[in-house]
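Overview (structure and organization)
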Amino acid sequence: MKVPMVDLLAGYPAIKDEAEAAVRAVMNKGNFILGEEVAKFENEFAALNGSKYAVGVANGTDALRLAIVAAGIKPGDEVITTPFTFIATTETISQSGAIPVFADIEPDTYNIDPKSVEKKITKRTKAVIPVHLYGHPADMDPIMALAKKHGLKVIEDCAQSFTAQYKTGGKDWKYTGAIGDCGTFSFFPAKNLGAFGDGGLVTTNDPEIAAELKALRNHGSKVRYLHDMEGFNSRLDTIQAAILSVKLKRVLKWTEMRNAAAAKYAAALKDVCETPVVRPDCKHSFNYYTIRFGSKAVRDNAQKVLTESGIANQIYYPVSLHLQKAYARLGYKRGDLPVCEKTQDTVFSLPMFPELTGEQIKAVTDAVKDSLVRKVSV
Ligand SMILES: *Cc1c(COP(=O)(O)O)cnc(C)c1O
């Protein structure tokens, strides 16, 4: 049985009529750039996420880019982040003129380790960008405490974590993206809330940052053709916003479906490999379902068996950013961030999307089990 990483059409029938009507409504109004659907979606998103403001932008990378500028990060500043993430997290730091500084990760959640962050703080540190990797919240309390102590900004990269909860069960629980100074989100189709194309958004509770973001996405202007600063052309498409409003109503249900699929995976695989840790005070959004093996050889063999059986699988991420050619200039070498390096060599991710069927889950878990007793060469 073939199982894809993500089946973007599996959820389409349920929203087809509403989504197509929403797109048609925009086409009939012709208000394509920053039409009223954008503000409507921003308000709905902010309300769901428990953030005061939400500013739609062109994609999740631009969400980071604009948040970095709006947070006041300047050329030469140091920004501490994780090397175990997609390069968008760090491209946007470098391209703003700032310097990415890599901290190591925690061995159970694969998120940035606050203890390692503390060791990397210098006089030039201006911000920390934790990434809620795969949809598991980073340990925000100690990160926020460090930020307060050292006067740092915190930008949460929530591209994989929309609807994930931190300190869930307690009275001060929050969704990711409502904890730091800004939260950045991606609506790339395969994320928890996917558009029919690119899209992104920044959340914040700070009215000044929100106003700055709105100007930055529109060439820096608050009043048309008047520019107190330069900005970007990075607006969320009205058509995408209309579709996202339709999908937003279902996103919590989809997270429950992802969690249900994750529970089935864990039940079948708990004695076979390391299944994802969910800390007791966290709710996972399961953008990815990532398992870990005892060694690189066992992991690599499992990947081959799955691929041979038609089961899609992917390593997020095979080469940590501190070891990528693009960052050779920063001078890191193997051995510098040992937890991260061990993780990149032993993990891979299984198919994950809300509509994953019991049959598909069985095919995937059977192939993983099979890989432990069957060696594949090539
Ligand atoms: C997807 C992703 C991004 C970038 O989002 P785009 O919308 O593709 O630009 C940034 N950070 C992380 C961790 C991501 O997974």
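This text goes with the structure placed above it.
Notes on the structure follow. (Residues numbered from 1 in each chain as written. Predicted model: local features only at pLDDT ≥ 70, side-chain atom pairs only at ≥ 80, totals over all residues. Heavy atoms only, no water.)

Digging into the pairing of strand β13 (residues 289–292)
Basically, it comes down to this: Here the term buried applies to any residue with accessible area under 20% of the maximum for its type, exposed to any over 50%, and partly exposed to those in between, with areas from a 1.4 Å probe on protein chains only. We count a stretch as a helix when DSSP gives it H or I for four or more residues in a row; a strand needs E for two or more, and each element gets its number in order from the N terminus. Two strands pair if DSSP finds at least two bridges between them.
Both faces of β13 are covered, namely the face carrying Y289 and I291 and the face carrying T290 and R292. When β13 meets strand β14 (residues 347–350), the two strands line up antiparallel, connected through four bridges. Residue I291 lies in a different strand from β14, and its bridge partner there is F348.

A few points about the state of the cysteines
The condition is simple: In this description, the term disulfide denotes a pair of cysteine sulfurs within 2.5 Å.
If you walk through the whole model with that rule in mind, you get zero disulfides. Its sulfur unpaired, C158 is 10 Å from the next cysteine sulfur, which belongs to C182. In this structure C158 comes out as buried when scored by relative accessible area, which is 1%. Left unpaired, C282 is separated from the closest cysteine sulfur, that of C158, by 13 Å.

Let's talk about the packing of aromatic side chains
One pair of aromatic rings is described through two measures. These are the centre distance and the angle between the planes. Our working definition: Between rings of Phe, Tyr and Trp, where Trp is taken as its six-membered ring, a pair exists when centres lie within 6.5 Å; planes separated by under 30 degrees are stacked, by over 60 edge-to-face, and by other angles tilted.
The full count for this structure, using the stated rule, is 19 aromatic pairs. A ring pair is formed by Y12 and F196, whose centres lie 5.7 Å apart and whose planes are at 70°; its orientation type is edge-to-face. Of the two residues, Y12 sits in helix α1 (residues 12–29) while F196 sits in the loop between β8 (182–186) and β9 (200–204), which places them 184 residues apart along the sequence. Feature note: the residues F84, Y110, Y134, Y288, Y316 and Y317 constitute an aromatic cluster, connected by ring pairs.

Thoughts on helix α4 (residues 88–95)
Buried residues of α4: A88, T89, T90, T92 and I93, and no others. Once α4 finishes, G97 follows within two positions and takes phi at roughly 95°, a positive value.

By themselves, these observations are geometric and do not establish any function.
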